[in-house]
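In case you want the letters, here they are:
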Amino acid sequence: MTTSGTGTTGTATDTHCPYCALQCGMRLRPGAGAEPAEVLERPDFPVNRGALCGKGRTAAAVLRPGVRLTEPLVREDRDDRESPLRPASWGEALDRVAAGLARARRRHGDDAVGVFGGGGLTNEKAYLLGKFARVALRTPHIDYNGRFCMSSAAAAHRRAFGIDRGLPFPLADIAGTDCVILVGANPAETMPPALRYFRELRENGGRLIVVDPRRTRTAEQADLHLQPLPGSDLALALGLLHLLIADGRADKDFIARRTTGFAQARAAAMAHWPQRVERLTGVPVAQLAAAAEMFGEAPCGMVLTARGPEQQSKGTDTVSAWINLCLAAGKAGRPGSGYGCLTGQGNGQGGREHGQKADQLPGYRSITDPAARRHVAAVWGVDPDALPGPGRSAYELLDSLGTDGGVRALLLMGSNPAVSAPCAAHVTERLRALDLLAVGDVVLSETARLADVVLPVAQWAEETGTTTNLEGRVILRRKAVDAPPGVRSDLAVLHGLAARLGVPEGFPEDPEEVFEELRRASAGGQADYAGISYGRIRAEDGVFWPCPAPDHPGTPRLFLDRFATPDGRARFAAVTHRPAAEEPDGPDGAYPLYLTTGRVVGQYQSGAQTRRVDELNRSAPGPFVEVHPVLARRLGVADGEPLAVTSRRGRAVAPARVTDTIRPDTVFMPFHWGGDGRANSLTNPALDPVSRMPEFKVCAVRVEPAAGGWGKGGGAGEAAEPGERTQRMEPTQLTESAARSASTERTGRRTAAAGRTASGPAAVPGRAS
């Protein structure tokens, strides 16, 4: 079976943007001369209706031969990671990777090899990558950078509703509801075409509440902006639930008919009275009451979360608390209402559904479920007992690299953890410690620069494949231009490696053939794609899963009749406030400030691709440290002067950006750059005990003027290798009992911190991130 770039209009091909989870529709027309393609609007695609952000408009720039990789690279001296990379043939490159994987298995066992994937890979790639790990390598150790994206929301979604889909309704439903609480999300910069739905919400008379430590472009659109301390979102949600119940706005009929566990959740919320929540969060009681009234009185409403509340060591419980608010208000399981997560990466949804997550098999099946193992094994033609069990989660996998009992040889595709992982200097050391690191990528990222073998793979416009956007809509990216000579698809790479490892069958190179197998593997699972085909996607502009049969219409809206739990009822979670894993230690301490991280509109994720686009670099040329004017005065720095930010894990240096849109006790850094300005040199790998999500969004730092300025790495187009050395950092997790025992002593510090900066000035409540 072959797949061509069908779906053309004239000489243009209907396809989708390679970046965020909106997967905006666009058209690509082959370019002339140095330009490989031209991006055109596609007004008929329902998600973005023709609108594109700057990243989407300039997406074709990364297709230029001078920007991307066009031939395999290997180390000149295979025993010396410091020797230069040199061009090689595909045969030599694949032979070297296969030999390194086989050597590690022979010396240390199957568990000594690992695979690390990415949330930007198509469904076909994610599916085949999981199959490659479990069938060709027979290793349990596969995970992906989506673990860093919305794993906490996924865990909370399954805990409450029995199934995880980012949005259980189409994005357009936002415009028709009456009130939205948007928590830790900044779509004005992270997914600009989505902002139209929030504007339409307000034009239609709806209200928007934004929760964020920074007054972002999104927060400026809000009717009410709550500006809590970083890491206090759980307490805030509990406080709003307390007020909803105390003021008689709970929907008792909905709770009785369609939920379980309310009594326990109610008891937990009642321990979070408004004055206590004000002390914990810094949000005034009057604003808490206004938010609870606004949401509780609205006939319909939604709570939407993003990385702010999710990227915490208590992220699962935090999202559960926001879901509790929806359930108590009766705003779930009916049109115009519900909880949803704004997925970040382009295929963050589909990427975890089909097997590149450590604990899952295709169709969102649990790898420990005997029936699931039998079903998938039958599709793969292997013995169920031969399938490995669960492997290490993303950070734990990276932390094990090159250690005794850990992964010694790693195949990494579509990810750049040397920039994107927490405690990134430590992760870089672990990558350097591997016996073999093979990286498949489009560009020579910071991680690819560390590799023994670099494999140049095709990208979005050069191949056909499906992705699943944040709504659960399965769409088709179609080939629009040919890849340069010397470039192969990820599927061809897996085919070649599997053959060299003694598994010549079962790894097709054609994406539609892989998708047909994926349909069979997912059939009967929660994420059931059995009724979806390339033909249907073309004809319908995407199909919503679950779609169990070709004559099934797909499921744009989940939970209207019942939730996906055994009894059909949604489950409340009895969660309670606990502090972040690491908090500031007071005005006289070594680390007196909060650090939070995020994105800017001109760059995407680790910046490996967007930092190579001139137009985007002009709008976002490099890292910065956002500080409040009160803090800037105390530090004696002006806008643009270099600041050093130090945590217990590392140090970063970048220019100051002085603004009153941030709390005085908090600093913000975007995480798109490596080098001296790498924000993830600072972040904390403390893990959520359920989702294994690291705590990117809050840690304790100190800030001071940087002697000698800032320089190495991190600027436009820069791919410098980070140079810090750090001690081994063990991943940590907070159990309920440990958190409760620490809460009493930490709450006092948190309460004091809510009203001061590092040196004492009062914080100004009421702004957001």
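All residue numbers refer to positions counted from 1 along the written sequence of the respective chain. Per-residue local features of the predicted model are confined to residues with pLDDT of at least 70, and side-chain atom pairs are confined, for both listing and counting, to 80 or more; whole-chain, interface and lining totals are unaffected and use all residues. Water and hydrogen atoms play no part in the side-chain values, which are based on all heavy atoms of the structure.

Focus on the overall build of the protein
The cut-off we apply is this: Secondary structure follows DSSP: runs of H or I at least 4 residues long count as helices, runs of E at least 2 residues long count as strands, and numbering of each begins at the N terminus. Just to be clear, the radius of gyration here is over C-alpha atoms, and the globule rule we use is 2.2 Å times residues to the power 0.38. To sort residues, take the accessible area from a 1.4 Å probe on protein chains only and compare it with the maximum for the residue type: under 20% means buried, over 50% means exposed, and anything in between is partly exposed.
In terms of helices and strands, the protein carries 24 helices and 31 strands. Against the compact-globule benchmark of 27 Å for 769 residues, the protein has a radius of gyration of 25 Å, which places it among compact chains. Principal-axis analysis of the C-alpha atoms gives the protein an extent of 65 × 65 × 50 Å. For the protein, the proportion of its 769 residues judged to be buried stands at 68%.

Section: the packing of aromatic side chains
For the record, the criterion: Stacked, edge-to-face and tilted labels apply to pairs of Phe, Tyr and Trp rings (six-membered ring for Trp) whose centres lie within 6.5 Å, assigned for plane angles under 30 degrees, over 60, and everything in between, in that order.
In total, this model carries 11 aromatic pairs according to the counting rule given. Ring centres of Phe-624 and Phe-668 lie 6.3 Å apart, and the angle between their planes is 45°; this geometry places the pair in the tilted category. On the criterion of sequence distance, the pair formed by Phe-624 in the loop between helix H22 (614-619) and strand S25 (625-627) and Phe-668 in strand S28 (residues 666-670) is long-range, its members being 44 residues apart. Each member of the pair Phe-624 and Phe-668 is classed as buried. By the ring-pair criterion, three or more aromatic residues cluster together here, those being Phe-161, Phe-559 and Phe-563.

Some details on the packing of helix H7 (residues 233-246) against helix H13 (residues 315-328)
We count it as follows: Axis angles are defined between N-to-C directions and span 0 to 180 degrees, where every axis is a line fitted to C-alpha atoms and, for a helix, only to the segment in contact. Each angle gets one of four labels, with under 35 degrees taken as roughly parallel, over 145 as roughly antiparallel, 65 to 115 as roughly perpendicular, and the rest as oblique. Note on convention: near helix rotated counterclockwise from far helix by under a right angle means a left-handed crossing. Clockwise means right-handed. By the convention used here, residues are in contact when the closest approach between their heavy atoms is within 4.5 Å.
For the pair H7 and H13, interaxial distance at closest approach is 8 Å and the crossing angle is 20°. As far as their axial angle goes, H13 and H7 are roughly parallel. Crossing of H7 over H13 shows left-handed handedness. For the pair formed by H7 and H13, the contact residues are Asp-233, Leu-234, Leu-236, Ala-237, Leu-238, Leu-240, Leu-241 and Leu-244 on the first element and Asp-317, Thr-318, Ala-321, Trp-322, Asn-324, Leu-325 and Ala-328 on the second.

Focus: the nonpolar core
So the rule is basically this: In this text, buried Ala, Val, Leu, Ile, Met, Phe, Trp, Tyr and Cys residues form a nonpolar core when linked through side-chain atoms within 4.5 Å.
Counting residues in each nonpolar core, the largest one holds 116 residues, and the members touching the most others are Phe-132 and Trp-322. Those residues in contact with Trp-322 that sit more than four places away from it in its chain are Ile-181, Val-183, Val-211, Asp-233, Leu-236, Ala-237, Leu-240, Val-303 and Thr-305. Phe-169, Ile-174, Ala-194 and Ala-219 belong to the second largest nonpolar core, which has 53 residues in total.

A closer look at the packing of helix H15 (residues 370-380) against helix H20 (residues 511-522)
The test is simple: Each residue is assigned to one class: nonpolar for Ala, Val, Leu, Ile, Met, Phe, Trp, Tyr, Cys and Pro, charged for Asp, Glu, Lys and Arg, and polar for all the others, Gly among them.
The interhelical angle for the contact between H15 and H20, taken along N-to-C directions, is 155°, at an axis separation of 9 Å. It follows from the interaxial angle that H15 and H20 lie roughly antiparallel. The two elements H15 and H20 meet at a crossing, and its hand is right-handed. Residue-level inspection shows His-375, Val-376, Val-379 and Trp-380 of H15 in contact with H20, the latter providing Glu-517, Arg-520 and Ala-521. The residue inventory of the contact of H15 with H20, partitioned by class, reads four nonpolar, one polar and two charged.

Regarding the pairing of strand S2 (residues 12-16)
Short version of the rule: Two strands pair under a simple rule: DSSP has to find at least two bridges between them.
Counting buried positions along S2 gives five out of five residues, so the element sits mostly inside the fold. Every second residue of S2 is oriented toward a common face, with Ala-12, Asp-14 and His-16 on one face and Thr-13 and Thr-15 on the other, all of them buried. By the bridge criterion, four bridges tie S2 to strand S3 (residues 25-30) in an arrangement that is antiparallel. Directly across from His-16, in S3, lies its bridge partner Gly-25.

So, the pattern of salt bridges
What counts here: Between Lys or Arg on one side and Asp or Glu on the other, a salt bridge is scored when a side-chain nitrogen of the former is within 4 Å of a carboxyl oxygen of the latter.
Counted according to the given criterion, the structure contains 45 salt bridges. Close ionic contact of Glu-396 with Arg-692 constitutes a salt bridge, the shortest N to O distance being 2.6 Å. In this pair, Glu-396 is assigned in helix H16 (residues 394-400) and Arg-692 in the loop between strand S29 (684-687) and strand S30 (694-695), connecting sequence segments 296 residues apart. By relative accessible area, which is 16% here, Arg-692 ends up buried. Counted as one network, the salt bridges with shared partners bring together Asp-14, Arg-27, Arg-42, Asp-44 and Asp-541.

Some thoughts on the environment of Ile-323
By the element assignment, Ile-323 lies in helix H13. Sequence spacing of Ile-323 and Ala-458 is 135 residues, and the spatial spacing of their C-alpha atoms is 40 Å. If near-sequence neighbours (up to four positions away) are discounted, Ile-323 is found in contact with Ala-156, His-157, Ala-160, Phe-161 and Tyr-339.

Considering unusual backbone geometry
Residue Pro-546 is bonded to the preceding Trp-545 through a cis peptide linkage, with omega at 0°. Along the polypeptide, Pro-546 turns up in the loop between strand S22 (543-544) and strand S23 (570-571). Of note, the phi angle at Gln-23 is positive, near 50°, even though the residue is not glycine. Look at Gln-23 and you get buried, because its relative accessible area is 1%. Non-glycine residue Arg-692 carries a positive phi angle of around 65°.

So, the side chain of Lys-131
Structurally, the position occupied by Lys-131 is in helix H3 (residues 123-136). Ignoring any residue separated from it by four or fewer positions in sequence, one finds Lys-131 in contact with Ala-136, Trp-380, Gly-506, Phe-507 and Glu-517.

Overview of the sheet that holds strand S10 (residues 207-211)
Taken together, five strands build an open sheet; the order of strands is S11-S10-S9-S13-S14 and the sheet is parallel. Looking along the sheet, the strands with just one partner apiece sit at the ends: strand S11 (224-226) and strand S14 (338-341). The sheet shows a mean angle of 15° between the axes of neighbouring strands, direction not considered. Relative to S11, S10 runs parallel, the two being bridged by three bridges. Paired with Val-210 across the strands is His-225, a residue of S11. Packing of H13 onto the sheet brings it into contact with strand S9 (179-183), S10, strand S13 (302-305) and S14, and relative to S13 it is tilted by some 170°.

Concerning the sheet that holds strand S21 (residues 473-477)
Strand order in the open sheet formed by three strands is S20-S21-S22, and the pairing between neighbours is antiparallel. Strands at the two margins of the open sheet, each flanked by one partner only, are strand S20 (465-468) and S22. Pairing between S20 and S21: four bridges, direction antiparallel. In the strand pairing of S21, Gly-465 is matched with Arg-477. The strands touched by H3 are S20 and S21; relative to S20, the strand with the most contacts, the crossing angle is about 95°.

Side note on the confidence of the model for the protein
The condition is simple: For every residue, the predictor reports its confidence as pLDDT, a number between 0 and 100.
In this model, the protein carries a mean pLDDT of 91, and residues with pLDDT of at least 70 account for 91%. Here residues 1-9 is modelled with pLDDT under 50, and outside its nearest four sequence neighbours on either side it reaches 23 contacts, counting other chains as well. Contacts from residues 716-769, a stretch scored under 50 in pLDDT, to residues over four places away or in other chains number 171 contacts.

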